[in-house]
Amino acid sequence: MFCIKVNQGKFESRKVNYMYNKDCELDLNRIEVPESEVERQYYYIAKCREYVKSIEEELGHKPTFCVQTFGCQMNARDSEKLVGILEQIGYEEIEDEHADFVIYNTCTVRENANNKVYGRLGYLSNYKKKHPHMKIALCGCMMQEPNVVEKIRKSYRFVNLVFGTHNIYKFAELLHRSFESDSMIVDIWKDTDKIVEDLPIKRKFSFKSGVNIMFGCNNFCSYCIVPYVRGRERSRKPEDIIREIKGLVADGVCEGMLLGQNVNSYGKNLEHPMTFAELLREINKIEGLKRIRFMTSHPKDLSDELIYAMRDCEKVCKHMHLPLQSGSSRILKIMNRHYDKEQYLEIVRKLKKEIPDIAITTDIIVGFPGETTEDFMETMDVVKQVEYDSAFTFIYSKRTGTPAAAMENQVPEEEVKPHFDMLLKEVSAISSKKAMQLEGKTMPVLVEEMNTQDATLVTGRLDNNAVVHFPGTKEMIGNIYNVTLEECKGFYYLGKVKEDE
């Protein structure tokens, strides 16, 4: 039996008995590289630790790393995996980019996100000249674009490692290759069907955690680059998800956020298909878990079964983020959204009927190619009918590589801006009115952090995801308190813990 243990991680093979941790040495050159993927990666974690020990001796201090995350919560969860591996290898995390190892986990939903990364690389170029031992790695969605990788190869040759979204689990192996080479290591996959479990991970928060339930997207909305960079949908096995959440709860987590590009289509590609509603009901049974959130939901896959599961499961937060994008059925068809205005409104009606106190939030794009004033007014009509608790509003911007970017009837900015301002004003007015309805009520709040503006206050969130500030101490972080919402400040509340708490 061959067993290597790296702090909390371990793997088994059939060669020899061996234990590895930070306090003992190991001649890894005498051990064959394991075939199992998870075993293989722990093997490379151990190999990388040898290099890091040498770096520490050379520098005279423990080498540092900084992971900068751009983009969505899926990226944030990926970054936690990178951090977990780096800490197992022997690096120490800092927030400053003046680190011995800097990783940018990139987003590419909008092209200005790419420009941010290029700007940071320009800054690091000068810094690395003075610190030649420094390593720089790029990963994430932006790296899945061939033109980006080509630009990195030509214009940013000081970068050490480039990899994408599909092979993040191979990070330790790729880093080992980088340690053994003076050349840029580029490892980009077009797609994958592989999901690797049980690798190290370091959570940002002790009391809450994201949990990937699926990866990729099959929707191909005409404005969106995500399916091209995240690949096709693939779901994790429910037993692996349940096992992970039980482990998180045992480690102090009380709130789990189930993550996927479209969680409503979970389970379709499993050997034994399971719906997202069925998964929610199973997760709701986990003892010690107090709150369940999820994102993102695509309206085309939101079933009555899911609505009933949300209604019945007491741990599922009564909050639904349901992207609208446009209220015009004509524009929705061009967007390739697979629902129309009336279908969307019917879903909202069902949600409000079954869960009267549900908070509904959304995403809206203004100025999509071909959008007329009449189309925009359809969006305004939906906003007024639904009365969203909040909305993320965007002016459409071209995303190279998507069908919408090649459409001829792009809407001039001078037409879009007045519509956007009108929408923003309406959304803000409705959100404020909705928020005021809770003023004076006592509701459960999960304390998430000390208030950044006032050291006497803590900051937490309601079930509906609204922010609340109230007097407290750091010992309260991670616990749920009944808080009276004494004053609504538009988009947040000032409150006080109920006296009998």
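The rules behind these values
- Residues numbered from 1 in each chain as written.
- Predicted model: local features only at pLDDT ≥ 70, side-chain atom pairs only at ≥ 80, totals over all residues.
- Heavy atoms only, no water.
- Pairing = 2+ DSSP bridges.
- Helix = DSSP H or I, 4+ residues; strand = E, 2+ residues; numbered from the N terminus.
- Axes fitted to C-alpha atoms, helices over the stretch in contact; angles between N-to-C directions.
- Contact = heavy atoms within 4.5 Å.
- Parallel < 35°, antiparallel > 145°, perpendicular 65-115°, else oblique.
- Nonpolar A, V, L, I, M, F, W, Y, C, P; charged D, E, K, R; others polar.
- Salt bridge = Lys/Arg side-chain N within 4 Å of Asp/Glu carboxyl O.
- Buried < 20%, exposed > 50% of the residue type's maximum accessible area, 1.4 Å probe, protein only.
- Arc of directions from axis to C-beta.
- Disulfide = S-S within 2.5 Å.
- pLDDT = per-residue confidence, 0-100.
- Phe/Tyr/Trp six-rings, centres within 6.5 Å; stacked < 30°, edge-to-face > 60°.
- Lys NZ or Arg CZ within 6 Å of the ring centre and 35° of its normal.

So, on to the sheet that holds strand β12 (residues 255-259). Across the sheet, which stays open at both edges, the three strands sit in the order β9-β12-β13 with parallel pairing between neighbours. Each having just a single partner strand, β9 (208-212) and β13 (291-295) make up the two edges of the open sheet. Within the sheet, the average angular offset between the axes of one strand and its neighbour, ignoring direction, is 25°. Of the strand pairs in this sheet, β12 and β13 are connected by five bridges, and their pairing is parallel. Bridging from a neighbouring strand, L259 pairs with M295 of β13. Most of the contacts of helix α8 (residues 276-284) go to β13, to which it runs at about 155°, and overall it touches β12 and β13.

In this section: the packing of helix α11 (residues 341-354) against helix α12 (residues 373-386). Where α11 contacts α12, the axes come no closer than 11 Å and their chain directions differ by 10°. Our classification of the angle between α11 and α12 gives roughly parallel. Facing K341, Y344, L345, V348 and K352 of α11, the residues of α12 in contact are E378, D381, V382, Q385 and V386. Across the contact of α11 with α12, the residue classes break down as five nonpolar, one polar and four charged.

Let us look at the pattern of salt bridges. Going through the model one piece at a time under the given rule, you end up with 38 salt bridges. Here E97 ties to R120 by a salt bridge, and the two come within 2.8 Å at their closest N and O atoms. Of the two residues, E97 sits in the loop between β4 (92-93) and β5 (101-106) while R120 sits in helix α3 (residues 111-130), which places them 23 residues apart along the sequence. Here E97 falls in the buried class, since its relative accessible area comes to 13%.

Here we come to helix α9 (residues 304-312). For α9, every residue scored as buried is listed here: L306, I307, A309 and M310. Angular distribution of buried residues about the axis of α9 spans 160°; they occupy a single face of the element. Tucked inside the fold, the buried residues of α9 contact α8, β13, β14 (319-321) and α11.

This paragraph deals with the pairing of strand β21 (residues 492-497). Inspection of the sheet shows strand β19 (residues 467-471) paired to β21 by three bridges, in the parallel sense. If you follow H469 over to β21, its bridge partner there is L494. The pairing of strand β20 (residues 480-488) with β21 spans five bridges and is classified as antiparallel. Bridged to L485 within β21 is G495. Remark: three residues form the turn of the hairpin made by β20 and β21, two consecutive strands paired antiparallel; G490 in that turn has positive phi of roughly 95°.

Right, let's get into the pairing of β9. With five of five residues buried, β9 is to be regarded as a mostly interior element. Here β9 shows no split at all, with K208, G210 and N212 on one side and S209 and V211 on the other all buried. Bridging between β9 and β12 involves five bridges; their strand directions are parallel. Paired with K208 across the bridge in β12 is E255.

All right, on to the state of the cysteines then. By definition, a disulfide links the sulfur atoms of two cysteines through a covalent bond. Counted according to the given criterion, the structure contains zero disulfides. Residue C317 stays outside any disulfide, its sulfur separated by 10.0 Å from that of C254, the closest cysteine. Overall, C317 belongs to the buried group, its relative accessible area being 2%.

Moving on, we come to the confidence of the model for the chain. Parts of the prediction with low pLDDT should not have their coordinates interpreted in detail. The share of residues in the chain with pLDDT of 70 or more is 93%, and the mean pLDDT across the chain is 91. The model gives residues 1-26 a pLDDT under 50, and that stretch makes 65 contacts with residues more than four places away or in other chains.

Time to look at unusual backbone geometry. Residues M295 and T296 are joined by a peptide bond in cis, for which omega reads 5°. Relative to the helices and strands, T296 resides in the loop between β13 and α9. The phi torsion at N336 lies on the positive side, around 65°, for a residue other than glycine. Within the secondary structure, N336 sits in the loop between α10 (329-335) and α11. Classification of N336 as partly exposed rests on a relative accessible area of 26%. The backbone of H338 shows a phi angle near 65°, a positive value even though the residue is not glycine. By the element assignment, H338 lies in the loop between α10 and α11.

On the basis of which strands lie adjacent, the open sheet formed by six strands has the order β4-β3-β5-β6-β7-β8 and parallel pairing. Two strands lie at the open edges of the sheet, namely β4 and β8 (185-187), each paired on one side alone. Note: strand β3 (residues 64-69) against β4, two bridges, orientation parallel. Bridge pairing in β4 links F65 to E93.

Here we come to the packing of aromatic side chains. Enumeration over the complete set of coordinates arrives at 16 aromatic pairs. For the pair F205 and F207, a centre-to-centre distance of 5.7 Å together with 55° between the ring planes defines the contact as tilted. Using a relative accessible area of 4% as the deciding quantity, one classes F207 as buried. Relative to F368, the ring of Y223 has its centre 6.3 Å away and its plane inclined at 85°; by these criteria the two rings are edge-to-face. Of this pair, Y223 sits in the loop between β10 (214-215) and α6 (226-230) while F368 sits in the loop between β15 (359-366) and α12, and the two are 145 residues apart along the sequence. Taken as a pair, Y223 and F368 share a single burial class, namely buried. The ring of F394 carries the charged tip of R110 above its face, separated from the ring centre by 4.2 Å. Sitting above the plane of the Y118 ring, K151 keeps its charged end 3.9 Å from the centroid.

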